[in-house]
Amino acid sequence: MRNVLVTGGAGFIGSAVCRRLVGAGVNVLNLDALTYAGNLASLSTIDTAPNYRFAKVDVCDRRAVSEAFETFRPDHVIHLAAESHVDRSISGSDAFIRTNILGAVSMLEAARAYWLALPPAKREGFRFLHVSTDEVYGSLGSDGLFVETTPYDPSSPYSASKAASDHLVSAWARTYGLPAVISNCSNNYGPYHFPEKLIPLVILNAIHGRPLPVYGAGENVRDWLYVEDHASALDLIASRGRVGERYNVGGRNERRNIDVVRAICAVLDRLRPTARPYEQLIAFVADRPGHDLRYAIDASKLERELGWRASETFDSGIEKTVRWYLDNEWWWRPLRDKVYAGERLGMLPEAGLNIAPAGGRA
């Protein structure tokens, strides 16, 4: 039975990874600092499982991280812990530099010390998977796809901090021989998604009759990946990915932001109809600075080498997602009431800009 250490496992993607691994019988240790976006309720289906453990640990705390390695003895590490919302990085970059860069160094050094002390057979099988984003590549024009060799060109403090952490992982692999792998994913969506992100924000605003904010004209394009498909990819990359390689993970589901919002409205019109169409709630707002036009992932390498395929189309995934939010008010209601009520984020008062969360990183 594998031992897998997951960081950031109380977050959106991390909780999906933990639920998948625990359900498959893998021993999981989840390290999470439980910042505003960390939510143990997302793990309620597995929190009493005998093969699941949680520890409240900040990845920047190298002593605590090292102790976790020594006591849990992982075969694989899936490093997801990160600050990930572009809008928050625009108005407050310090947390992104600390967690995404210094936290990565802390993890890499703890992993290196642990790996070097392993017996040869265990050292051969050890893997460190660093989970990153397609935003490190910058912005595409109207055509083309991001591939694993696309040059980095980050636009926001968030994407710059993730680019820096990617480079650190590559350097630790080349300099020290650490058996590391990097994945770069497209926009995720699905159940248990923190309400500040585009899709859950639109769903919850709509059912409360509030405006559905869309940046600019809503022309920005993202490639949407259902979170459980991403979790399956990460499990595969951690267990079978080639050391020193990177793998792009995407759903082949490009959509303009305005089309995403309209799709959500159409599902809600069917599932929870009101006197007027939900689309009438759409409100176009001032764009945010440095807003990349288009992201699109070529996942051919992952598909070809490891046999991964996304199981959800955008239409099937968005239907499941809307239904989940309608059926699980117990999960999102405390967040809307006490943590994030849908207010604007990423505001730059000195520039006279009001930036709504609808175009934010998902």
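What you see is a predicted model; the values in this text were computed from it and never measured. (Residues numbered from 1 in each chain as written. Predicted model: local features only at pLDDT ≥ 70, side-chain atom pairs only at ≥ 80, totals over all residues. Heavy atoms only, no water.)

Turning our attention to the packing of helix H4 (residues 94–116) against helix H6 (residues 157–176). One can describe the packing of H4 onto H6 by two numbers: an axis separation of 8 Å at closest approach and a directional angle of 15 degrees. Here H4 is positioned roughly parallel relative to H6, judged by the angle of their axes. Our pair here, H4 against H6, has a crossing hand that is right-handed. Taking contact as the criterion, the partners of Phe-96, Ile-97, Asn-100, Ile-101, Ala-104, Val-105, Leu-108, Glu-109, Arg-112 and Trp-115 in H4 are, on H6, Tyr-158, Ser-161, Lys-162, Ala-164, Ser-165, Leu-168, Val-169, Trp-172 and Tyr-176. Of the residues belonging to the contact of H4 with H6, the class tally is 13 nonpolar, three polar and three charged. (Axes fitted to C-alpha atoms, helices over the stretch in contact; angles between N-to-C directions. Helix = DSSP H or I, 4+ residues; strand = E, 2+ residues; numbered from the N terminus. Parallel < 35°, antiparallel > 145°, perpendicular 65-115°, else oblique. Left-handed = near helix turned anticlockwise from the far one by under 90°. Contact = heavy atoms within 4.5 Å. Nonpolar A, V, L, I, M, F, W, Y, C, P; charged D, E, K, R; others polar.)

For the rest of this paragraph, the subject is the layout of surface pockets. Roughly 710 Å³ of volume is contained in the largest pocket. Gly-11, Leu-80, Ala-82, Glu-83 and Ser-84 are, among the 42 residues lining the largest pocket, the residues nearest its centre. Those elements giving two or more residues to the lining of the largest pocket turn out to be helix H1 (12–23), strand E2 (27–32), H4, strand E5 (127–133), H6 and helix H12 (329–338). For the lining of the largest pocket, the class distribution of residues is 20 nonpolar, 14 polar and eight charged. Volume-wise, the second largest pocket comes out at about 280 Å³. Only H6 and strand E6 (180–185) provide two or more residues apiece to the lining of the second largest pocket. Counting residues per element, the lining of the second largest pocket draws most heavily on H6, at five residues. Per-class residue counts for the lining of the second largest pocket are eight nonpolar, five polar and four charged. (1 Å grid on protein atoms, 1.4 Å probe; cavity = no way out; pocket = protein on both sides within 12 Å on 5 of 7 lines; lining within 4 Å. Points joined across faces, edges and corners; volume = space filled by probe spheres on them.)

In terms of burial, E5 is largely enclosed, as seven of its seven residues are buried. Where burial is concerned, the two faces of E5 agree: the one with Arg-127, Leu-129, Val-131 and Thr-133 and the one with Phe-128, His-130 and Ser-132 are both buried. Bridge analysis of strand E4 (residues 76–79) against E5 gives four bridges, and the strand direction is parallel. Bridge pairing links His-79 to His-130 in E5. (Buried < 20%, exposed > 50% of the residue type's maximum accessible area, 1.4 Å probe, protein only. Pairing = 2+ DSSP bridges.)

Once that is clear, we can look at the packing of helix H11 (residues 314–327) against H12. A pair of packed helices is captured by two measures, namely the crossing angle of their axes and the spacing between those axes. The geometry of H11 relative to H12 is characterised by a closest axis approach of 6 Å and an angle of 75 degrees between their N-to-C directions. Our classification of the angle between H11 and H12 gives roughly perpendicular. Contact residues: Trp-324, Tyr-325 and Asp-327 in H11; Glu-329, Trp-331 and Trp-332 in H12.

So, about empty space enclosed by the protein. A full pass over the atoms with the stated rule returns one cavity of 30 Å³ or more. There is about 30 Å³ of room inside the largest cavity. As for the largest cavity, its lining consists of Val-86, Glu-135, Ser-155, Ser-156, Ser-159, Arg-288, Gly-290, Asp-292 and Tyr-295. Here the lining of the largest cavity is built from residues that sort into two nonpolar, four polar and three charged.

Strands sit in the order E3-E2-E1-E4-E5-E6-E10 across an open sheet of seven strands; the sheet is parallel. Looking at which strands have only one partner, the edges of the open sheet turn out to be strand E3 (52–56) and strand E10 (246–249). Geometrically, the sheet is characterised by an average inter-axis angle of 20 degrees between neighbouring strands, direction not taken into account. In the sheet, strand E1 (residues 3–7) pairs with E2 via five bridges, with the strands oriented parallel.

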